[in-house]
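Descriptive structure summary
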Amino acid sequence: MFKVDFHCHTTSSDGTLTPFEIIDLAVKHEVKVLAITDHDTTAGYEQVIEYAAKKNVQLITGVEISCHWLTHTIHIVALDFSIDDSQLQQGLKSIRQARLERAQLMLENFQSKSPEKFIGFDAELWELVGDGVVGRGHFAQLLTKKGLAKNGAQAFKKYIKKGKAGYVTSDWPELAQVVNWIIHAGGVAVIAHPNVYRLTSNKLNRLINDFKEAGGQAIEVVNQPRHCSDIVGMADRAERHGLYASLGSDFHSPEHTWRGLGWLAPLPQKVSPVWKLFKTPLNSD
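What comes next concerns the included structure. Here the residue index of a chain counts from 1 through its sequence in written order. Under the rules for a predicted model, residues below a pLDDT of 70 receive no local features and side-chain atom pairs below 80 are neither given nor counted, while totals for whole chains, interfaces and linings still include all residues. Derived side-chain values reflect all non-hydrogen atoms in the structure, with water molecules and hydrogen atoms excluded from consideration.

1. Here's the deal with the sheet that holds strand E5 (residues 72-79)
The condition that has to hold: A pair of strands is labelled paired if DSSP reports no fewer than 2 bridges between them. Helix and strand definitions follow DSSP, with helices as H or I runs of at least four residues and strands as E runs of at least two, each counted in order from the N terminus. To obtain each axis, a line is fitted to C-alpha atoms, and for helices this fit is confined to the stretch in contact; angles are then taken between N-to-C directions over 0 to 180 degrees.
The strand order across the open sheet formed by 5 strands is E4-E5-E6-E7-E8, and the pairing between neighbours is mixed. The outermost strands of the open sheet, each flanked by one partner alone, are strand E4 (62-69) and strand E8 (244-247). Put simply, the sheet's adjacent strands are angled 40 degrees from each other on average, direction ignored. Pairing analysis gives 8 bridges linking E4 to E5, with the strands arranged antiparallel. Residue pairing in the sheet places Cys67 in a bridge with Ile74 of E5.

As structure tokens, then:
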């Protein structure tokens, strides 16, 4: 089976490689089919359509969309949709605005609670974000860079998670609305990294049922390099609920040595691969 990766990030959101560098990395790692799924923007994909074609990397349209379900933030990956769909693009624009507002409130929180510790934090954050879509990952990167945390995980634990100095409630659209945007654009909706949410089995089943009722079609079954019990369990769940199976590394940075682009275990044979829903056949040569 040729290599595919349907979940990765660039500097257009919170990744550290430019879209062009991601394509070069895909060539290096022999990834034949790629979806750039930046948070709430298709800008990265749009920059490299021609470049990817020159490098013989088949690009599938992609975006990772933040949404609200019960008391949880859930991420839905959209694949193989019309990039020009106005409803989807307007929805993404509204989420990007919500991200900006959240970031400003986070900056205010940091400044009000410990101004001496966070001198210059505002300017440094926006320099780091550049033309990308701001996210909490940028705050984690900056906190690590300034020596206030050892790594991104510690930055979240000490400063960003609920109850900490930088926490601000996120204002996302509802799950059903996001799935509707994707379906309206002719795309495939995928529940991203289902194990990350740490839901109980019953609650995950409830999420899947609500997702399917809204029109959702697939779930990420594989997001790690080695076959393991998580993959087996999620494949069983996909089969039981009649969902197609996707796979994606959620690659953000070469510094994350445990998560390489295209570094993925194969899909279990029992599941139906998500690309069977795509309008355009995958290039396998």
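2. So, the nonpolar core
Using the following cut-off: In these notes, a set of buried Ala, Val, Leu, Ile, Met, Phe, Trp, Tyr and Cys residues joined through side-chain atoms within 4.5 Å is what counts as a nonpolar core. Buried means the residue's accessible area, taken with a 1.4 Å probe over protein chains only, is under 20% of the maximum for its type, while exposed means over 50%, and partly exposed covers the values in between. Residue contacts are defined here by distance: any two heavy atoms, one from each residue, within 4.5 Å place the two residues in contact.
Of all hydrophobic cores here, the largest spans 72 residues; its most connected members are Phe6, Leu34, Ile65, Ile76 and Val221. When residues no more than four places from it in sequence are discounted, the contact partners of Ile65 are Asp40, Ile74, His75, Ile76, Ala78, Leu88, Leu92, Ile95, Val178, Trp181 and Ile182. Counting residues in hydrophobic clusters, the runner-up holds 19 residues, among them Ala103, Leu107, Val134 and Ala140.

3. Quick word on the packing of helix H4 (residues 86-113) against helix H6 (residues 136-145)
What counts, and what does not: Think of it as three bins: nonpolar holds Ala, Val, Leu, Ile, Met, Phe, Trp, Tyr, Cys and Pro, charged holds Asp, Glu, Lys and Arg, and polar takes everything else, Gly as well.
The interhelical angle for the contact between H4 and H6, taken along N-to-C directions, is 35 degrees, at an axis separation of 10 Å. Here Arg102, Ala103, Met106, Leu107 and Phe110 of H4 lie close against H6, whose contacting residues are Arg136, Phe139 and Leu143. The class makeup of the residues in the contact of H4 with H6 is 6 nonpolar, no polar and 2 charged.

4. Here we look at the environment of Ile219
Residue position: Ile219 is located in strand E7 (residues 218-222). Under the relative-accessibility criterion, Ile219 is labelled buried at 1%. Between the C-alpha atom of Ile219 and that of Ala78, which follows or precedes it by 141 residues, the distance is 11 Å. Here Ile219 is in contact with Val190, Ile191, Pro194, Ile208, Met234, Ala238, Leu243, Tyr244, Ala245 and Ser246, once residues within four sequence places are set aside.

5. Here we look at helix H1 (residues 19-28)
What counts is decided by this rule: Think of the arc as the fan of directions from the helix axis to the C-beta atoms.
Turning to H1, its buried residues number three or more, namely Pro19, Ile22, Ile23, Leu25 and Ala26. For H1, the angular spread of buried residues about the axis comes to 160 degrees, placing them on one side. Lining the buried residues of H1 we find strand E2 (31-35), helix H2 (43-47), helix H3 (49-54) and strand E3 (58-60). Count one or two residues on from H1 and you reach Glu30, which has phi positive near 60 degrees.

6. Quick notes on the state of the cysteines
The following threshold applies: Whenever a pair of cysteine sulfur atoms sits within 2.5 Å, that pair is classed as a disulfide.
Counted according to the given criterion, the structure contains 0 disulfides. Here Cys8 stays unpaired: no disulfide links it, and the sulfur of Cys67, its closest cysteine neighbor, is 20 Å away. Here Cys67 falls in the buried class, since its relative accessible area comes to 0%.

7. A word on helix H8 (residues 175-184)
Buried residues of H8: Leu175, Val178, Val179, Trp181 and Ile182, and no others. Across the axial projection of H8, the buried residues extend over an arc of 155 degrees, all falling on one side. Of the surrounding elements, those touching the buried residues of H8 are E4, E5, H4, strand E6 (188-191) and helix H9 (201-214). Looking one or two places after H8, you find Gly186, whose phi comes out positive at around 80 degrees.

So far we have only geometry, and geometry alone does not tell us how the molecule works.
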